[in-house]
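Report on the structure
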Amino acid sequence: MKPSKIITIGIKELAHQKVILAAWYNFLKENFDAKKVSAEEFTQYLQAHVMYDLDKDQIELMLSGTEPLLEDFKKSIFG
């Protein structure tokens, strides 16, 4: 398995968290179906950590994956 990296995505609204997590799941599923992500990686990368940043008054989603995978995800959701 390739080494994992982590990105954080700041979210102000709880509804946005659901959208980001749904997008992450669909993105991983597409990559799994295309054989770009193994079953083990798929399971590991689905584990998104959530923390609350008091200073910024926002939720931080922490998503893990390989650097190219995370870059592709950022491009897919942020354009």
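Report follows, based on the coordinates. (Residues numbered from 1 in each chain as written. Predicted model: local features only at pLDDT ≥ 70, side-chain atom pairs only at ≥ 80, totals over all residues. Heavy atoms only, no water.)

Thoughts on the overall build of the protein
Looking only at helices and strands, the protein has 3 helices and 3 strands in total. Ordered by position from the N terminus, the helices and strands of the protein form the series β-α-α-β-β-α. Radius of gyration (C-alpha) of the protein: 13 Å, near the 12 Å computed for a compact globule of 79 residues. The principal-axis extents of the C-alpha atoms in the protein amount to approximately 40 × 20 × 20 Å. Looking at the 79 residues of the protein, the share that counts as buried comes to 32%. (Helix = DSSP H or I, 4+ residues; strand = E, 2+ residues; numbered from the N terminus. Rg over C-alpha atoms; globule rule 2.2 N^0.38 Å. Buried < 20%, exposed > 50% of the residue type's maximum accessible area, 1.4 Å probe, protein only.)

Observations concerning helix H3 (residues 67-78)
Counted at 1.5 Å a residue, the expected span for H3 with its 12 residues is 16 Å, and the 16 Å between its end C-alpha atoms agrees. Looking only at H3, the buried set comprises Leu-69, Leu-70 and Phe-73. One side of H3 holds all its buried residues, which, seen down the axis, span an arc of 95°. Facing away from the buried surface of H3 by more than 90 degrees, the exposed residues are Pro-68, Lys-75 and Phe-78. Buried residues in H3 make contact with strand E1 (5-11), helix H1 (14-33), helix H2 (39-45) and strand E3 (58-65). (Expected span 1.5 Å × (residues − 1). Arc of directions from axis to C-beta. Contact = heavy atoms within 4.5 Å.)

Topic: the nonpolar core
Ile-9, Trp-24, Leu-69 and Phe-73 are the most contacted members of the largest nonpolar core, which totals 16 residues. Secondary-structure elements contributing two or more residues to this core are E1, H1, H2, E3 and H3. If near-sequence neighbours (up to four positions away) are discounted, Leu-69 is found in contact with Trp-24, Phe-27, Leu-28, Asn-31, Val-37 and Tyr-45. (Core = buried A, V, L, I, M, F, W, Y, C linked by side-chain atoms within 4.5 Å.)

Quick notes on the packing of H1 against H3
Angle between the axes and distance between the axes are the two parameters that describe a pair of packed helices. Their axes nearest at 11 Å, the elements H1 and H3 cross at an angle of 125°. Classified by the angle between their axes, H1 and H3 sit oblique to one another. Crossing of H1 against H3: the hand is right-handed. Between H1 and H3, the contacting residues are Ile-20, Ala-23, Trp-24, Phe-27, Leu-28 and Asn-31 on the first element and Leu-69, Leu-70, Asp-72, Phe-73, Ser-76 and Ile-77 on the second. Considering only residue class, the contact of H1 with H3 consists of 9 nonpolar, 2 polar and 1 charged. (Axes fitted to C-alpha atoms, helices over the stretch in contact; angles between N-to-C directions. Parallel < 35°, antiparallel > 145°, perpendicular 65-115°, else oblique. Left-handed = near helix turned anticlockwise from the far one by under 90°. Nonpolar A, V, L, I, M, F, W, Y, C, P; charged D, E, K, R; others polar.)

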